[in-house]
Amino acid sequence: MFNSKGDTLLNLKKKLKKFKIPDSFIFNVKDWQSNNNKIAFQIRKKFKNKKIIVRSSSKSEDNFITSAAGKFESILNVGSSDKVKVIRAINRVIKSYKLEKAKVLGEQVLIQEMIGNIKMSGVIFTGDNLGNNFYYIINYDDITGLTNTITSGSSNYSNKSLYINKRKEKYIRSTRFKKIINAIKELEIQFNSLSLDVEFGLTKKNKLYLFQVRSVII
């Protein structure tokens, strides 16, 4: 059900209709060390001058027992055609693995298209097993246009929260929050209603993107 960040998103890509998942490319550290030039070329070809985000995709980030959320690097706004910057960003992510783990060859790196024109981003909890399982909890930023202010806590606008009672969701008036809750309900079906921790972004054209989903670890 939950694999690495990259594999989980890849498995969901054709199953979800209400969330979009950014174009992605996944490889492991062993392959990178064997032929980084080939992989850098594949990235350049796939993303064709677009900005990308280089993300960690460790098996220890998204499982039922432990969480390594925030321990590993993610590098934003890397030009896909700039080979030097792509290689440097990937090496930084791999280096962050080595600081925490002895064996890294089987770990993955996830490359995603950098989604722009964001009007709202944040994290949604579908429950926490501590009495809030009757609520959707949405922590969001609808000011900066960035996608990482909530997860990093790096902004004055990273402290907005909304609690939505699951029994009262039909009374939601906001179009954007209706859209988000409908997408979350579709996602919950894929995970048998487990408590989820979901990173999302909503663009100015009202396209809703799923950046990450993991089980809530208490």
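Residues numbered from 1 in each chain as written. Predicted model: local features only at pLDDT ≥ 70, side-chain atom pairs only at ≥ 80, totals over all residues. Heavy atoms only, no water.

Participant: How would you explain unusual backbone geometry if you had to name every residue and give the values?
Facilitator: Look at lysine 48: it is not a glycine, yet its phi comes out positive at around 45 degrees. With respect to the helices and strands, the residue lysine 48 is situated in the loop between α3 (36-47) and β2 (51-57). Judged by relative accessible area, lysine 48 falls into the exposed class, the value being 63%. Positive phi, close to 55 degrees, is recorded for asparagine 117, a residue that is not glycine. Mapped onto the secondary structure, asparagine 117 falls in the loop between β4 (108-113) and β5 (118-125). (Helix = DSSP H or I, 4+ residues; strand = E, 2+ residues; numbered from the N terminus. Buried < 20%, exposed > 50% of the residue type's maximum accessible area, 1.4 Å probe, protein only.)

Participant: Run through the confidence of the model for the protein, naming residues and quoting values.
Facilitator: Of the residues in the protein, 86% have a pLDDT of 70 or more, and the chain-wide mean is 88. Considering each helix and strand of the protein separately, the mean pLDDT is smallest for helix α5 (residues 149-152), with a value of 68, and largest for α3, with 97. (pLDDT = per-residue confidence, 0-100.)

Participant: Give me the side chain of serine 58: which residues, what numbers.
Facilitator: For serine 58, the location among the structural elements is in the loop between β2 and β3 (74-79). In terms of polar contacts, serine 58 uses its side chain to reach the side chain of glutamate 107, at 3.1 Å. (Polar contact = N/O pair within 3.5 Å; in protein donor to acceptor, adjacent residues only side chain to side chain.)

Participant: Can you tell me about the nonpolar core, naming the residues and giving the values?
Facilitator: Membership of the largest hydrophobic core comes to 27 residues, with the highest contact counts inside it found for Phe19, Ile138, Ile180, Leu187, Val198, Phe200 and Leu210. Within the residue set of this core, elements represented by two or more residues are α1 (5-12), β5, β6 (135-141), α6 (175-190), β8 (196-203) and β9 (208-215). Ranked by residue count, the leading element in this core is α6, at six residues. In this structure leucine 210 touches Leu9, Leu12, Leu16, Phe19, Lys20, Ile21, Pro22, Leu187, Val198 and Glu199, once residues within four positions along its chain are discounted. Listed in part, the 23 residues of the second largest apolar core include Trp32, Ile43, Phe47 and Tyr97. (Core = buried A, V, L, I, M, F, W, Y, C linked by side-chain atoms within 4.5 Å. Contact = heavy atoms within 4.5 Å.)

Participant: Can you lay out the sheet that holds β8 for me, pointing to particular residues and giving the numbers?
Facilitator: Ordered by their spatial adjacency, five strands build an open sheet running β7-β6-β5-β8-β9, and the pairing between neighbours is antiparallel. The outermost strands of the open sheet, each flanked by one partner alone, are β7 (160-165) and β9. The average undirected angle you get between the axes of adjacent strands in this sheet is 20 degrees. The strands that α6 touches are β5, β6, β7, β8 and β9; relative to β6, the one it contacts most, it runs at about 125 degrees. (Pairing = 2+ DSSP bridges. Axes fitted to C-alpha atoms, helices over the stretch in contact; angles between N-to-C directions.)

Participant: How would you explain the sheet that holds strand β1 (residues 24-28) if you had to name every residue and give the values?
Facilitator: Strand order in the open sheet formed by four strands is β1-β4-β2-β3, and the pairing between neighbours is antiparallel. The open sheet has two free edges, formed respectively by β1 and β3, since each of these has just one partner strand. On average, adjacent strands in this sheet sit at an angle of 20 degrees to one another, irrespective of strand direction. Note: β2 against β3, four bridges, orientation antiparallel. Pairing of arginine 55 across the sheet is with serine 74, part of β3. Against the sheet, α3 makes contact with β1, β2 and β4, and its axis sits at roughly 170 degrees relative to β1, the strand it touches most.

Participant: Tell me about the pattern of salt bridges, and please be specific about residues and values.
Facilitator: Applying the stated criterion across every chain yields a total of seven salt bridges. Residue arginine 176 pairs with aspartate 142 through a salt bridge whose shortest N-O separation is 3.1 Å. Of the two residues, arginine 176 sits in helix α6 while aspartate 142 sits in the loop between β6 and α5, which places them 34 residues apart along the sequence. For aspartate 142, a relative accessible area of 22% translates into the label partly exposed. Put simply, Asp142, Lys160 and Arg176 are held in one network by salt bridges that share partners. (Salt bridge = Lys/Arg side-chain N within 4 Å of Asp/Glu carboxyl O.)

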